[in-house]
Amino acid sequence: MRQRDLIRLSLGSLVDQRMRSFLTILGIAVGIASVVLLTSIGEGVRRFMLSEFTQFGTNLIGINPGKTSTVGVSGAIINNVRPLSIADEEALRQIPGVIDTVSVVQGNAPVEWRQRSRRTNILGTGPAASTVWQIRVARGRFLPADDQRAARALVVLGSKVASELFREVSPLGQVVRIGGERYRVVGVMESKGQMLGFDLDDAVYIPTARAMGLFNQESLMEIDLLYQAGLQSKTVADQARRMLIARHGAEDFTITTQEEMLDVLGSVLDIVTLAVGGLGAISLLVGGVGIMTIMTIAVTERTPEVGLLRAIGAGRGQILQLFIGEAVVLAAIGGFCGLVAGAGGAWLLGALVPELPTHTPWEYALYAEILAAAIGLLAGVLPARHAAGLDPIEALRAE
Amino acid sequence: MISLTRICREFTVGDERVAALRDVDLEIGSGEYVAVMGPSGSGKSTLLNMIGLLDRPDSGSYLLEGEDMTSLSGSQQAALRRHKIGFVFQFFHLVPRMSAAENVELPMILAGIDSGERRRRVGETLEAFGIGNRARHRPDQLSGGQRQRVAIARAVIMQPRVLLADEPTGNLDRVSGGEVIDILEDLNRSGITLIMVTHDPELGKRAGRRIRMVDGRIESDS
Ligand SMILES: Nc1ncnc2c1ncn2[C@@H]1O[C@H](COP(=O)(O)OP(=O)(O)OP(=O)(O)O)[C@@H](O)[C@H]1O
Ligand SMILES: [Mg+2]
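Residues numbered from 1 in each chain as written. Chains lettered and ligands numbered in written order. Predicted model: local features only at pLDDT ≥ 70, side-chain atom pairs only at ≥ 80, totals over all residues. Heavy atoms only, no water.

1. Observations concerning the site of ligand 1
So the rule is basically this: When at least one non-hydrogen atom of a residue lies within 4 Å of a molecule or strand, that residue is treated as near it. By the criterion applied in these results, polar contacts are pairs of N or O atoms within 3.5 Å in which, for protein atoms, one can donate a hydrogen and the other can accept it, and in which residues neighboring in sequence qualify only through two side-chain atoms. Put simply, DSSP marks the helices as runs of H or I at least four residues long and the strands as runs of E at least two long, and each gets a number from the N terminus on. By the convention adopted, Pro, Cys, Tyr, Trp, Phe, Met, Ile, Leu, Val and Ala count as nonpolar, Lys, Arg, Asp and Glu as charged, and the other residues, Gly among them, as polar.
Around ligand 1, 16 residues are found, and the nearest of them are S40, G41, K44, S45 and T46 of chain B. Chain contributions to the surroundings of ligand 1 come from chains A and B. The separation between an oxygen atom of ligand 1 and a polar side-chain atom of K44 of chain B is 2.8 Å. T46 of chain B has a polar side-chain atom sitting 2.6 Å from an oxygen atom of ligand 1. Elements with a minimum of two residues in the shell around ligand 1: α12 (392-397) of chain A together with β1 (2-13), β2 (16-28) and α1 (44-51) of chain B. Per-element accounting of the shell around ligand 1 gives the leading share, three residues, to α1 of chain B. When the residues that make up the shell around ligand 1 are grouped by side-chain class, the tally is five nonpolar, seven polar and four charged.

What follows is the structure, encoded as structure tokens:
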């Protein structure tokens, strides 16, 4: 028997039982569609999170005061921990392969200009923050490379702060008051949007030493190292660790490489995608049971036909092929419809709800289709074996 | 061409054993026209199934064109059914969802013949049996006589050596039954070996040879 004829015969009997075939196909299609849709959402969220985390560049190492056993950002400064100082930062900059460093102190204070005031994030950073974090200046310039300990009272505004405080007026050269001190505006940043709930546009940047004074902080909250692309993050991190231990006498700080963070994040998101795909797989299983039921009924109904086919020369193998063929065609059509519906649904969802990013991983879609065909095969085998095992004479008499 | 020696076949019904064929010896030559008659339950259908390789004897030997049939595997038997044997049944056994042409095409599909050749042979055969204009009709749109003609077309489309007909007119009125017999006899005249089970003595008389079965044995052979 030829492949084409096998498919034609299968299609013929499926078309004959339109309603039944349609419902069975629907079962598989819903399964495949949910697998595709759910993994699309999972993958979309994963990509979104990764891009959130890498938007500041990937060759970054963060150093925070205090020792935490798990990977994470520790803002708390424990009493017997020596503070991270600007001197530490300057020492770290000497490590070969380190291009730049940024010290960070963060707090909250009102920014005032004339009668307007806005409570916002104050980021005390070094002059390299703009390049290291890849945030561009829209107008003016970023903080100049002054002597860090005696930096001038200059400020760069986030785009939202600038537009809220100054409206139509150009902020460049204007003087604002931050925590009672006067700062001259030298630049306005480009809009960067939110990063995990932290609004970077609703922030202003002032020199680190001034922020330490403003918030009465002894220690930096963080030092970021930007290292040359192509270097191992571990190599750089080890050098930084050795240097700081030498300076502090103990490991009272935490080093987090971007790679580690991405690894942890990635494995968490992998589990999410997997769990979500598993949910879809359950509905696929239900679809498979549907196919099995329908094929069992079909074999019973068509017992005389099986007898006739045997009488006109069909071998057991051919009967097996015919019924398995039907199950596989059902599943494959269902799989294809599900794929289209799932990918289309994911696309539509992405278009209608931009906050919910979706991305259809095509290799998953392919697996889903192969899975559907395999389910058809498995679900078809049992009923088809039953049909092939029928005694032709008995089958002919069953009318 | 067909040679049965001491063929026995028993069925188990519940605890009872029913002998459907008892020590049947039968020789049928190529091109013969044989009518098999006898009371109900005498083993006529069982004999036909045996010759048609749908059933295996419990004992005895069966040679078809000099070849031993009892030792063949299931798939070898299926291949012989495909190429050497045609079946016609009392209840037609057409596939209801397929058109007349598709029903006739089936054995050729199973044999893997290409579609151009199939179409040509189906067209010719339906035409020859006077149902060329019914090719696209489904069985439920055909009369009994037409259905049986489709079934005969399907049985002979592979040009078998033997045609086995189990009460082919049992479900037909006189007129369409007569037409069906005409077709079968035409086929026999052009060389096919025809073995036909019938209850109708009139039809039996037309055959070249009559076998009468009683209780699983051949009672008379003339
Ligand atoms: N599959 C079967 N299982 C059990 N018994 C069977 C089977 N097939 C036939 N028999 C028995 O074998 C005997 C012969 O049956 P068979 O069908 O050959 O008779 P027949 O001559 O064709 O009768 P009829 O004229 O009614 O068709 C009967 O007693 C029948 O009950
Ligand atoms: Mg009978």
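2. Quick look at the packing of helix α2 (residues 18-54) of chain A against helix α11 (residues 362-389) of chain A
Residue and element names in this part refer to chain A. As a reminder of what qualifies: A fitted line through C-alpha atoms serves as each axis, taken over the contacting stretch for helices, and the angle formed by two N-to-C directions is quoted from 0 to 180°. Angle categories: roughly parallel below 35 degrees, roughly antiparallel above 145, roughly perpendicular from 65 to 115, and oblique for all the rest. The hand of a helix crossing depends on one turn: near helix anticlockwise from the far one by less than a right angle means left-handed, and clockwise means right-handed. Only heavy atoms matter for contacts: two residues are in contact if any of them lie within 4.5 Å across the pair.
Relative orientation of the contacting elements α2 and α11 amounts to 160 degrees, with a least axis distance of 10 Å. By the angle between their directions, the pair α2 and α11 is classed as roughly antiparallel. Relative to α11, α2 is oriented so that their crossing is right-handed. Along its contact with α2, which presents I28, I32, V35, V36 and T39, the element α11 presents Y364, A368, E369, A372 and I375. Classifying every residue of the contact of α2 with α11 by side-chain character gives eight nonpolar, one polar and one charged.

3. Here's the deal with the sheet that holds strand β5 (residues 67-68) of chain B
Residues and elements named next belong to chain B. Using the following cut-off: Strands are treated as partners if at least two bridges between them are detected by DSSP.
The strand order across the open sheet formed by four strands is β2-β1-β4-β5, and the pairing between neighbours is antiparallel. One side of each edge strand has no neighbouring strand; the edge strands of this open sheet are β2 and β5. Looking at chain direction, β1 and strand β4 (residues 59-64) are connected through five bridges and run antiparallel. From the neighbouring strand, T5 faces β4, where its bridge partner is S61.

4. A few points about the confidence of the model for chain A
Close reading of the predicted structure is inappropriate where its pLDDT is low. Keep this limit in mind: Note: pLDDT gives the predictor's confidence per residue, expressed from 0 to 100.
Confidence in the prediction of chain A, expressed as mean pLDDT, is 86, and 95% of residues score 70 or more. Mean pLDDT across the secondary structure elements of chain A bottoms out at strand β8 (residues 194-195) of chain A, with 68, and peaks at strand β5 (residues 154-157) of chain A, with 94.

5. Thoughts on the side chain of S10 of chain A
The criterion, for reference: Residue exposure (1.4 Å probe, protein chains only): buried if accessible area is under 20% of the type maximum, exposed if over 50%, otherwise partly exposed.
The residue S10 of chain A is located in helix α1 (residues 3-16) in this model. With relative accessibility at 1%, the residue S10 of chain A sits in the buried group.

6. As for the nonpolar core
Applied cut-off: By nonpolar core is meant a set of buried Ala, Val, Leu, Ile, Met, Phe, Trp, Tyr and Cys residues that side-chain atoms within 4.5 Å join together.
Ranked by internal contacts, the top residues of the largest apolar core, which has 73 residues, are I2, Y62 and I195 of chain B. Examining the composition of this core, we find that ten residues originate from one element, helix α10 (residues 316-352) of chain A, more than from any other. If we skip the residues at most four places from it in the chain, I195 of chain B touches I2, I28, V34, V36, L48, I51, V162, L163, L164 and A165 of chain B. Within the second largest apolar cluster, 38 residues are counted, among which are L157, V185, V204 and I255 of chain A.

7. Some details on the interface of chain B and chain A
Basically, it comes down to this: The buried area of a pairing is the accessible area, by a 1.4 Å probe, that goes missing from both parts when the two are put together, added over both. Within this document, salt bridges are pairs made up of a side-chain nitrogen of Lys or Arg and a carboxyl oxygen of Asp or Glu, the two lying within 4 Å of each other.
Counting from both sides, the interface comprises 22 residues of chain B and, opposite them, 24 residues of chain A. Taking both sides of the interface into account, the surface hidden between chain B and chain A amounts to around 2,200 Å²; carbon and sulfur atoms contribute 60%. When the area that chain B buries against chain A is broken down by residue, the three leading residues are H93, R97 and L110 of chain B, summing to 32%. The interface formed by chain B and chain A contains three salt bridges. At the boundary of chain B and chain A, one finds eight residue pairs in polar contact (both at pLDDT 80 or more). Elements with a minimum of two residues in the side of chain B that touches chain A: α2 (74-84) and α3 (100-111) of chain B. Ranked by the residues each element gives to the side of chain B that touches chain A, the list is headed by α3 of chain B, at five residues. Residues belonging to the side of chain B that touches chain A are distributed by class as follows: eleven nonpolar, three polar and eight charged.

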